[in-house]
Amino acid sequence: MTHLLVTGGAGFIGSNFVHRALERTDHTVTVLDRLTYAGDPASLAGLPEDRVELVVGDVCDRGLVDALVARADAVVHFAAESHNDNSLADPGPFVHTNLVGTFSLLEAVRAHDVRYHHISTDEVYGDLPLDGNELFTPESPYRPSSPYSSSKAGSDLLVRAWVRSFGIRATISNCSNNYGPRQHVEKFIPNAVTRLLTGRRPRLYGDGRNVRDWVHVDDHNAAVLRILESGRIGQTYLIGADCRLSNRDVLGRILALMGHDPDEVDHVPDRPGHDLRYGLDPSATRAELGWEPVHRDFDAGLAETIDWYRANRKWWEPSPV
Ligand code: NAD
Ligand code: TDX
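Not measured: the values here are computed from a predicted model.

Asker: Help me understand the overall build of the protein in this model?
Answerer: The helix and strand tally for the protein stands at 11 helices and 12 strands. Relative to a compact globule of 321 residues, whose C-alpha radius of gyration would be 20 Å, the protein shows 19 Å and is just as compact. Overall, the protein is about 55 × 40 × 40 Å in size when its C-alpha atoms are taken along their principal axes. In the protein, buried positions account for 56% of the 321 residues. Partitioning the contacts of the protein with sequence separation of at least 6, the portion at a separation of at least 24 is 81%. When the accessible surface of the protein is split by element, carbon and sulfur atoms take 50% of a total near 13200 Å². Positive and negative side-chain charges of the protein, numbering 33 and 45 respectively, have mean locations separated by a distance of 1 Å.

Asker: Just to check I follow, could you spell out the packing of aromatic side chains for this structure?
Answerer: Describing an aromatic ring pair means giving the distance of the ring centres and the angle of the ring planes. Scanning the model with the defined rule gives 11 aromatic pairs in all. Here Y179 and W214 contribute two aromatic rings whose centre-to-centre distance is 6.5 Å and whose plane-to-plane angle is 80 degrees, an arrangement assigned as edge-to-face. With Y179 in strand 7 (residues 177–179) and W214 in strand 9 (residues 211–216), this pair connects stretches of sequence that are 35 residues apart. A relative accessible area of 1% means that Y179 is categorised as buried. Measuring from ring centre to ring centre gives 5.0 Å for W308 and Y309, while their planes differ by 80 degrees; the resulting arrangement is edge-to-face. In this structure W308 comes out as buried when scored by relative accessible area, which is 17%. Counting every residue linked through ring pairs, the aromatic cluster contains F103, W162 and F166. Just above the ring of F166 sits the side chain of R110; from NZ or CZ to the centre is 3.8 Å.

Asker: Could you clarify how one ought to interpret the pattern of salt bridges in this entry?
Answerer: Side chains that differ in sign of charge can pair as their charged atoms come close. As enumerated under the stated definition, the model contains 17 salt bridges in all. Put simply, R253 and D249 hold a salt bridge, and the shortest N to O gap is 2.7 Å. One end of the pair is R253 and the other is D249, both in helix 8 (residues 247–257) and four residues apart, which spans about a single turn. Exposure remark for R253: the relative accessible area of 24% places this residue in the partly exposed category. Judged by relative accessible area, which is 29%, D249 ranks as partly exposed. Between E317 and R313 there is a salt bridge, with the nearest N and O atoms lying 2.9 Å from each other. Among the ionic contacts, a cluster of salt bridges with common partners joins D213, D242, R244, R286, E292 and R296.

Asker: Help me out: how do you make sense of the pairing of strand 1 (residues 3–7) in this one?
Answerer: It is a general feature of regular strands that their side chains alternate between the two faces of the sheet. Most of strand 1 is tucked away, with five of its five residues classed as buried. Judged by which residues are buried, strand 1 turns out to be covered on both faces: H3, L5 and T7 on one side and L4 and V6 on the other are all buried. Each parallel crossover has a hand, and for strand 1 linked through helix 1 (residues 12–24) to strand 2 (residues 28–33) it is right-handed. Bridging between strand 1 and strand 4 (residues 74–77) involves four bridges; their strand directions are parallel. Bridge assignment links V6 to a residue of strand 4, and that residue is V76.

Asker: Quick question: what am I supposed to make of the packing of helix 4 (residues 92–112) against helix 5 (residues 147–166) here?
Answerer: The description of two helices packed together rests on the angle between their axes and the distance between the axes. Put simply, helix 4 and helix 5 touch, their axes get as near as 8 Å, and they point 15 degrees apart. With respect to helix 5, the axis of helix 4 lies roughly parallel. With respect to the hand of their crossing, helix 4 and helix 5 are arranged in right-handed fashion. Counted together, F94, V95, N98, L99, T102, F103, L106, E107 and R110 of helix 4 and Y148, S151, K152, G154, S155, L158, V159, W162 and F166 of helix 5 form the full contact between these two elements.

How each quantity is defined
- Residues numbered from 1 in each chain as written.
- Chains lettered and ligands numbered in written order.
- Predicted model: local features only at pLDDT ≥ 70, side-chain atom pairs only at ≥ 80, totals over all residues.
- Heavy atoms only, no water.
- Helix = DSSP H or I, 4+ residues; strand = E, 2+ residues; numbered from the N terminus.
- Rg over C-alpha atoms; globule rule 2.2 N^0.38 Å.
- Buried < 20%, exposed > 50% of the residue type's maximum accessible area, 1.4 Å probe, protein only.
- Contact = heavy atoms within 4.5 Å.
- Areas by Shrake-Rupley, 256 points an atom, 1.4 Å probe, with all protein chains shown as cover.
- Lys, Arg positive; Asp, Glu negative; His and termini not counted.
- Charge placed at Lys NZ, Arg CZ, Asp CG, Glu CD.
- Phe/Tyr/Trp six-rings, centres within 6.5 Å; stacked < 30°, edge-to-face > 60°.
- Lys NZ or Arg CZ within 6 Å of the ring centre and 35° of its normal.
- Salt bridge = Lys/Arg side-chain N within 4 Å of Asp/Glu carboxyl O.
- Right-handed = clockwise from strand over helix to strand, strands pointing away.
- Pairing = 2+ DSSP bridges.
- Axes fitted to C-alpha atoms, helices over the stretch in contact; angles between N-to-C directions.
- Parallel < 35°, antiparallel > 145°, perpendicular 65-115°, else oblique.
- Left-handed = near helix turned anticlockwise from the far one by under 90°.

This is the structure in structure tokens:
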């Protein structure tokens, strides 16, 4: 049995990971989460109390992190400020949590020789031209665009340096855009769904041609568990499901699935510096880990996600949409 320290485990992807790890393994879990606006203990409701504990605290708190890492067999670091629009409005918390928080964890895993997995994003590679076929690979240069993605890129580089200079036992995964239940309503898909559920039009930034590469959060975390089990130290793994769609297309599908007209959209000014296209090549991850995404039907995944937001209004209604 393994004891995991999961940072950011009360957020969207981290809580999904905790549910999955408890269902599929005999691991025990300590969640370290500051419970920012994006963290909700309700996302951990119903889990076996003898196998999971929530510690409310900050990943930048070196003393607390050191004590928690000392009693863990492995760390999975999800905690981050994660929303691009917020990083444009106020970059400070992104630099602090994403860089200083990662530094604090790296120093603790170095001191206690604990296995570390770092959760990151395809956005560290910047964007691709709208109309090409090129994809990100683990060798693509780092070219982040926003305060969010540059802080994540910086955190990845810290991990790489700690592997090379100090020999820590770390892996990194860079995943594409996630969707699924318990995603904060600030993000595109839940924002559109919950605006429609509350009688408002969803918003499309700019001309809506920007492309995102979608993966279901269950598939992301299935890959993360595989990496923990059999990933090679020092390796970077790209996680994605080859589902590249324009924002216009995604919104059209949501409107159709929810019984609305295709033109029930508010066109709003574009995001400054808005990345044009993300697309990543997950073939090396698939070949090495034998991992395959299960949620291959995007419309079915979207429909299930919409149903979850319909059925769980109490979870999201307190947040401004
Ligand atoms: P989220 O915003 O839903 O959750 C982040 C969690 O971290 C929250 O529970 C929050 O309370 C916690 N947190 C924030 N600052 C903290 C701090 N200083 N100390 C302790 N806890 C803190 O984010 P998410 O969408 O679940 O993303 C999780 C990770 O996955 C992030 O590292 C993100 O960069 C990465 N990622 C996200 C996506 C995506 O599509 N959402 C895609 C690829 C990678
Ligand atoms: O109302 C909206 N209308 C709209 O057109 C919102 C909220 C977004 N958008 C667009 C902007 C993006 O092109 O939709 C796309 C997706 O937007 P976000 O949900 O904000 O995600 P993105 O900026 O692509 O970043 C996400 O994926 C990578 C996550 O927030 C990051 O944490 C992750 O690293």
